[in-house]
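One letter stands for each residue in the lines below.
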Amino acid sequence: MKQQWQQYKAIINAVVKPALGCTEPIAAAYAAAVAADMVTTTPEKIIVHVSDNLYKNSMGVFVPGTGKIGLPIAASVGAIGGDPLAQLEVLAAITQDQVNKAQALIDSGNVSVNRINSDEFIYCHVELHAGSDVVKVEISGGHTQIIKKTLNDNVLFEQQKSAATPTGSICDGVDISIEGIYDFAMHADFDDIKFILAASDLNCKLSDEGLLHEYGLQVGRTIEKSIKNGFMSQDLANNIIMRTASASDARMGGATLPAMSNFGSGNQGIAATLPVVLMAEHCKSTEEELARGLILSHLGAIYIKSYYPPLSAFCGNTVTSAAASMAMVYLAGGNYEQSCYAIQNVLCDCTGMVCDGAKSTCAMKVKTSTSSAINGAMLAMNSTEAHDQGIVAHNVEKSIRNVGQLVTNGMGSTDAMIIDIMSA
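Remember, it's a predicted structure, so these values are computed and weren't measured experimentally.

Before going further, it helps to examine the overall build of the protein chain. Check the secondary structure of the protein chain and you find 17 helices and ten strands. Taken over C-alpha atoms, the radius of gyration comes to 21 Å for the protein chain, in line with the 22 Å a tight globule of 424 residues would show. For the protein chain, the proportion of its 424 residues judged to be buried stands at 57%. Long-range pairs, those at least 24 residues apart, make up 76% of the contacts in the protein chain between residues at least 6 apart in sequence. Where the 27 positive side-chain charges of the protein chain centre and where its 41 negative ones centre are 4 Å apart.

Another aspect to go through is the pattern of salt bridges. Applying the stated rule across the entire model yields ten salt bridges. When the shortest N-O distance is used, the salt bridge between aspartate 183 and lysine 2 registers 3.7 Å. Of this pair, aspartate 183 sits in helix H6 (residues 178-187) while lysine 2 sits in the segment before helix H1 (3-15), and the two are 181 residues apart along the sequence. Of the residues examined, aspartate 183 reaches a relative accessible area of 27% and is grouped as partly exposed. For arginine 115, the salt bridge is made with aspartate 52, and the minimal N-O distance between the two is 2.8 Å. Of this pair, arginine 115 sits in strand E5 (residues 111-115) while aspartate 52 sits in helix H3 (residues 52-56), and the two are 63 residues apart along the sequence. On the basis of relative accessibility, which here comes to 24%, the residue aspartate 52 falls in the partly exposed class. In this structure, a network of salt bridges that share partners links the residues Asp356, Lys359 and Lys365.

Let us now look at unusual backbone geometry. One non-glycine residue, phenylalanine 263, lies in the positive phi region at around 60°. Mapped onto the secondary structure, phenylalanine 263 falls in the loop between strand E10 (259-260) and helix H11 (266-282). A relative accessible area of 5% places phenylalanine 263 in the buried class. One non-glycine residue, serine 383, adopts positive backbone phi at about 60°. Relative to the helices and strands, serine 383 is located in the loop between helix H15 (362-381) and helix H16 (396-410).

Left-over empty space is what a probe sized like a water molecule reveals as it rolls over the atoms. Per the stated rule, a full pass over the model turns up one cavity of 30 Å³ or more. Forming the walls of the largest cavity are 31 residues, and the residues nearest its centre are Asn57, Ser265, Gln268, Leu311 and Cys355. For the lining of the largest cavity, the secondary-structure elements that each account for two or more residues are helix H2 (23-36), helix H10 (236-252), H11 and H15. Top element by residues in the lining of the largest cavity is H11. It accounts for three residues. Its residues assigned to classes, the lining of the largest cavity comprises 13 nonpolar, twelve polar and six charged.

Moving on to the packing of aromatic side chains. All chains considered together, the criterion is met by five aromatic pairs. Residues tyrosine 8 and phenylalanine 184 carry aromatic rings whose centres are separated by 5.6 Å and whose planes lie at 80° to one another, so their mutual orientation is edge-to-face. One end of the pair, tyrosine 8, is in helix H1; the other, phenylalanine 184, is in helix H6, and 176 residues separate them in sequence. Of the residues examined, tyrosine 8 reaches a relative accessible area of 0% and is grouped as buried. Ring geometry for tyrosine 303 against tyrosine 307: centres 5.6 Å apart, planes inclined by 75°, an arrangement best described as edge-to-face. Among the residues examined, tyrosine 303 registers a relative accessible area of 1% and is labelled buried.

A few words now on the packing of helix H14 (residues 336-350) against H15. Contact geometry for H14 and H15: axes closest at 8 Å, N-to-C directions at 140°. In terms of orientation, H14 and H15 fall into the oblique class. Relative to H15, H14 is oriented so that their crossing is right-handed. Each of Gln338, Tyr341, Ala342, Asn345, Val346, Asp349 and Cys350 in H14 lies in contact with H15, whose residues at this interface are Ser369, Ser372, Ala373, Gly376, Ala377, Leu379, Ala380 and Met381. Taken together, the residues that form the contact of H14 with H15 break down as nine nonpolar, five polar and one charged.

Here six strands make up an open sheet; going across it, the order is E5-E2-E6-E7-E8-E9 and the pairing mixed. Either end of the sheet is taken by a strand with one partner, and the two such strands are E5 and strand E9 (154-158). Neighbour to neighbour, the strand axes of the sheet diverge by 10° on average, direction disregarded. Bridging between strand E7 (residues 133-140) and strand E8 (residues 146-151) involves five bridges; their strand directions are antiparallel. Counterpart to valine 135 in the pairing with E8 is leucine 151. Across the face of the sheet, H2 comes into contact with strand E6 (123-130), E7 and E8 while running at roughly 35° to E6. Sitting on the sheet, helix H4 (residues 71-81) touches strand E2 (45-50), E5 and E6, and the angle it makes with E2 is about 130°.

The rules behind each value
- Residues numbered from 1 in each chain as written.
- Predicted model: local features only at pLDDT ≥ 70, side-chain atom pairs only at ≥ 80, totals over all residues.
- Heavy atoms only, no water.
- Helix = DSSP H or I, 4+ residues; strand = E, 2+ residues; numbered from the N terminus.
- Rg over C-alpha atoms; globule rule 2.2 N^0.38 Å.
- Buried < 20%, exposed > 50% of the residue type's maximum accessible area, 1.4 Å probe, protein only.
- Contact = heavy atoms within 4.5 Å.
- Lys, Arg positive; Asp, Glu negative; His and termini not counted.
- Charge placed at Lys NZ, Arg CZ, Asp CG, Glu CD.
- Salt bridge = Lys/Arg side-chain N within 4 Å of Asp/Glu carboxyl O.
- 1 Å grid on protein atoms, 1.4 Å probe; cavity = no way out; pocket = protein on both sides within 12 Å on 5 of 7 lines; lining within 4 Å.
- Points joined across faces, edges and corners; volume = space filled by probe spheres on them.
- Nonpolar A, V, L, I, M, F, W, Y, C, P; charged D, E, K, R; others polar.
- Phe/Tyr/Trp six-rings, centres within 6.5 Å; stacked < 30°, edge-to-face > 60°.
- Axes fitted to C-alpha atoms, helices over the stretch in contact; angles between N-to-C directions.
- Parallel < 35°, antiparallel > 145°, perpendicular 65-115°, else oblique.
- Left-handed = near helix turned anticlockwise from the far one by under 90°.
- Pairing = 2+ DSSP bridges.

Put into structure tokens, the structure is as follows:
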């Protein structure tokens with residue numbers, strides 16, 4: 001395999017991972033589980049400090065296996081029953097008894113959560129008291145990226161921030177572009193990329209769960225009901241939107257199934273996966289063709305998002321769905337040029353969608369961006385491209401950089417205002 005392609009594969013493996021629950025509260029659960037693993041007695045007090053963006057994305061989302069919302073229960077149950085070796089699946093094996101004990105710790109006033117100013121968008125500091133021991137675990141730059149651990153003020157592990165590899169710079173130093181990603185997806189040996197098919201398995205199960213049970217706003221189930229009663233038509237587009245939204249319903253509603261995440265987001269992993277899987281089913285694509293499509297979608301999404309911070313006021317489902325649209329064009333028989341058209345079309349459609357925290361209404365935004373992916377692909381297959389309009393430039397690479405500039409330099413005050421409104 002070419003060295004460049006090996007780097008591409010390493011990028012995917014680094015940030016396309018199974019994750020149980022929204023990754024922001026899970027970061028706190030993981031830090032608390034690591035802290036609890038460093039002591040021999042039961043945790044008695046937990047103090048959590050998080051960055052504004054991590055706080056925002058934890059305010060309204062269910063923590064899986066608990067039926068409860070927020071950082072206090074995430075940190076508390078992580079400390080009492082979490083598996084630190086499982087990282088983003090830290091809460092996969094928790095029991096109801098452990099949830100009850102975690103809630104009792106909260107009810108006794110021994111769990112506190114505080115917002116702090118941080119240069120990092122993803123930052124979590126957990127201080128855990130157990131008997132005479134005080135443990136501190138600090139995460140920075142990535143949801144499971146520990147940079148410091150101390151026990152009774154003795155530093156047991158420390159990694160300088162400059163030595164860490166934050167999610168936001170995952171593509172730094174790599175010769176990567178949409179053209180390079182397309183070449184890799186089309187020509188890499190199938191054995192080197194078929195690992196990505198695990199995304200289909202995980203996220204399809206989550207979609208099934210969302211249709212079977214009542215989670216969140218039940219966006220997917222409502223579309224299914226509307227199809228059955230004739231209010232909506234039964235077609236490929238509505239099936240894609242229904243199945244993708246139902247996975248998000250389950251994800252944000254606390255289902256105890258993992259999502260294959262993308263760039264730290266389960267919803268974006270869903271948006272990068274299910275439209276591609278369902279298009280492949282419709283087109284009767286082979287397993288190999290599906291794998292190539294999923295590489296296009298997941299790696300394309302990672303690349304576009306590498307131009308702006310991992311947490312911001314910008315809903316990342318927009319650019320994720322742009323990459324999914326590119327993959328859908330490929331599966332439908334389109335060429336490279338038309339795949340670029342698809343990205344352009346989606347970027348011009350829903351780039352203005354803001355992130356106001358992780359919660360059940362994220363399924364609505366997944367629905368919106370997925371609909372845009374379908375329409376963008378449809379237009380692209382007709383060789384229609386939006387270009388030289390607004391922030392969408394004359395070519396896809398310039399448009400991607402424009403989006404990055406907009407989010408990085410233009411949306412900071414928007415983010416601060418959203419957090420202030422949510423915290424009022």
